[in-house]
Amino acid sequence: MNIRDEAVLREFNLYPLWVGKDLPPPLVRDTQGTSVAPSVLTQVGADPLTIELKTAPSRDTEKQKTEPVLFRKNSEDADWPALKQHVQDCTACKLRPGCTQTVFGVGDQKAEWLFVGEGPGADEDEQGEPFVGQAGKLLDNMLAAIKLKRGQNVYIANVVKCRPPNNRTPEADEIAQCLPYLQRQIALIKPKLIVALGKTAATALLGRDATLGSLRGTIHEYQGIPLIITYHPAYLLRSPAEKAKAWQDLCFAVATYSA
Ligand code: SF4
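About the criteria used
- Just so you know, the residues in each chain are numbered from 1, in the order the chain's sequence is written.
- Totals for whole chains, interfaces and linings use every residue, but because this is a predicted model, local features are given only for residues with pLDDT of at least 70 and side-chain atom pairs only at 80 or more, for both listing and counting.
- Excluded from the side-chain calculations are hydrogens and water; all other atoms, namely the structure's heavy atoms, are used.
- Any Lys or Arg side-chain nitrogen located within 4 Å of an Asp or Glu carboxyl oxygen qualifies as a salt bridge.
- Strands are runs of DSSP state E lasting at least 2 residues, helices are runs of H or I lasting at least 4, and numbering of each runs from the N terminus.
- The buried label goes to any residue with under 20% of its type's maximum accessible area, the exposed label to any with over 50%, and the partly exposed label to all in between, with areas taken from a 1.4 Å probe on protein chains only.
- Think of it this way: DSSP has to see at least two bridges between two strands before they count as a pair.
- What a helix is expected to span follows from its residue count: subtract one and scale by 1.5 Å.
- Between two residues, a contact is recorded if the distance between any of their heavy atoms is within 4.5 Å.
- Note on scores: pLDDT gives the predictor's confidence for each residue, bounded by 0 and 100.
- We call a residue near a molecule or strand whenever a single non-hydrogen atom of that residue lies within 4 Å of it.
- Each residue is assigned to one of three groups, with Ala, Val, Leu, Ile, Met, Phe, Trp, Tyr, Cys and Pro labelled nonpolar, Asp, Glu, Lys and Arg labelled charged, and all others, Gly among them, labelled polar.
- Lines fitted to the C-alpha atoms define the axes, with helices restricted to the stretch that makes contact. Angles between their N-to-C directions range from 0 to 180 degrees.
- For classification, angles of less than 35 degrees are called roughly parallel, those exceeding 145 degrees roughly antiparallel, those between 65 and 115 degrees roughly perpendicular, and all remaining angles oblique.
- In plain words, nonpolar cores are sets of buried Ala, Val, Leu, Ile, Met, Phe, Trp, Tyr and Cys residues tied together by side-chain atoms within 4.5 Å.

### Some thoughts on the pattern of salt bridges
In step 1: Applying the stated rule across the entire model yields ten salt bridges.
In step 2: Of the charged contacts, one joins Arg150 and Asp140 as a salt bridge, the two residues approaching to 3.0 Å between their closest N and O atoms. Placement of the pair is Arg150 in the loop between α4 (133–145) and β7 (154–158) and Asp140 in helix α4, with a sequence separation of ten residues.
In step 3: According to the relative accessible area criterion, Asp140 is partly exposed, its value standing at 28%.
In step 4: Of the charged contacts in the structure, one is a salt bridge between Lys245 and Glu242, with a shortest N-O distance of 3.2 Å.

Spelled out as structure tokens, the structure:
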């Protein structure tokens, strides 16, 4: 294991107990012992790790409770440059006057992996890129843990493109105004898998409210695209004990991607 792998596993509070394993990985089993998906871990000196999933992975077949939000006029068919311009020029909600700049998103526009966060923080507002600063470093380490890298087959975006004051949670009207931009980004990217980082992203993409804990461990869908839900890196910085659960979610995401 190289120094980088060690650092990644330390980030997840998993080192020295766990080591990364080349993909494709061994099986994950649900609490009934049924093989449900591959994992990316093996325990040192042990058989393939059995991860006790909180709930057996299952397709979220429940119909989305909200109607799809219509794209804002002139942006529904926008290509990348036009969409970026729409966002840059947008003043549709009360977040715009309080932010330095809009934060559109970053990465591979043909990515198979899409990570969706909540909204820009202070560092993102200053630099114009999502997930920079400490939460961004943690996200980069989360990506590295599953052999991904920002910008390489990965796109990162937020639900709202302008920084909420004092990093508060975006309000429903702000999300409703901004969501069409994310929807158009998803339509352009056509990712193979979406990972929602935190409850705001999960709620926005699912169109219904639920606790994050109840949403983990299940393959949801957004417009037919598998959607996995895990914690926001900023939350993990405040609650490092939850990092192991996030790691479990990432393993589950890899399993879903590989299936
Ligand atoms: Fe427009 Fe979204 Fe910024 Fe609100 S948060 S002003 S909807 S870009």
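### Details of the pairing of strand β10 (residues 225–230)
In step 1: In terms of burial, β10 is a largely internal element, six of the six residues being buried.
In step 2: Of the two faces of β10, the one carrying Ile225, Leu227 and Ile229 and the one carrying Pro226, Ile228 and Thr230 are both buried.
In step 3: Both strand β8 (residues 193–197) and β10 contribute to a ladder of four bridges, which runs parallel. The partner of Leu197 across the bridge, within β10, is Thr230.
In step 4: As defined by bridge partners, strand β9 (residues 220–222) adjoins β10 across three bridges and the pair is classed as antiparallel. Across the sheet, residue His220 finds its bridge partner in β10, namely Leu227.
In step 5: Hairpin geometry of β9 and β10 is characterised by an intervening segment of two residues between the two adjacent antiparallel strands and by a positive phi of about 50° at Gln223.

### Some words on α4
In step 1: The terminal C-alpha atoms of α4, which comprises 13 residues, lie 18 Å apart, in line with the 18 Å expected from a rise of 1.5 Å per residue.
In step 2: Taken as a whole, α4 has its buried residues at Ala135, Gly136, Leu138, Leu139, Asn141, Met142, Leu143 and Ala145.

### What about the side chain of Asp249?
In step 1: Counting through the fold element by element, Asp249 comes out in helix α9 (residues 243–258).
In step 2: By relative accessible area, which is 3% here, Asp249 ends up buried.
In step 3: Apart from the residues lying within four places of it in its own chain, the contact partners of Asp249 are Arg216, Ile228, Ile229, Thr230 and Tyr231.

### Re the confidence of the model for the chain
In step 1: Per-residue pLDDT for the chain has a mean of 81; in total, 71% of the residues score no lower than 70.
In step 2: Across residues 16–57, confidence stays below pLDDT 50; counting only partners more than four residues off in sequence or on other chains, it has 80 contacts.
In step 3: Across residues 61–70 the pLDDT falls below 50, and counting only partners more than four positions away or on other chains, this stretch makes 15 contacts in the model.

### Examining the site of the ligand
In step 1: Close to the ligand lie Cys90, Ala92, Cys93, Leu95, Arg96, Lys161, Cys162, Gln177, Cys178 and Tyr181.
In step 2: Across the shell around the ligand, the residue classes break down as seven nonpolar, one polar and two charged.

### Let's talk about the packing of helix α5 (residues 172–189) against helix α6 (residues 199–206)
In step 1: Closest axis-to-axis distance for the α5/α6 pair is 11 Å, and the angle between their directions is 75°. Taken together, the axes of α5 and α6 are roughly perpendicular relative to one another. Between α5, through Ile175, Leu179, Leu182 and Ile186, and α6, the contact on the second element is made entirely by Thr200, Ala204 and Leu205.
In step 2: Looking at the contact of α5 with α6 residue by residue, the class counts come to six nonpolar, one polar and no charged.

### Comments concerning the nonpolar core
In step 1: Trp113, Phe115, Val159, Ile194 and Leu205 are the most contacted members of the largest nonpolar core, which has 66 residues in total.
In step 2: In contact with Phe115, other than residues within four places in its own chain, are Leu139, Leu143, Leu148, Val154, Tyr155, Ile156, Ala157, Val195 and Leu197.

### Quick word on the environment of Ile228
In step 1: Looking at the secondary structure, you find Ile228 in strand β10.
In step 2: In this structure Ile228 touches Leu193, Ile194, Val195, Ala196, Thr218, Ile219, Asp249, Phe252, Ala253 and Thr256, once residues within four positions along its chain are discounted.

### Re the sheet that holds β10
In step 1: As summarised here, the arrangement of the six strands in space is β5-β7-β6-β8-β10-β9, forming an open sheet in which the pairing is mixed. Both edges of this open sheet fall to β5 (106–107) and β9, since each of them pairs with a single strand only.
In step 2: One ladder, built from four bridges, connects strand β6 (residues 113–117) with β8; its direction is parallel. Bridge assignment links Val116 to a residue of β8, and that residue is Ala196.
In step 3: Strands β6, β7 and β8 of the sheet are contacted by α4, whose axis makes an angle of about 145° with β7.
In step 4: Each of β6, β8 and β10 is contacted by α9, which is oriented at about 170° to β10, the strand it contacts most.

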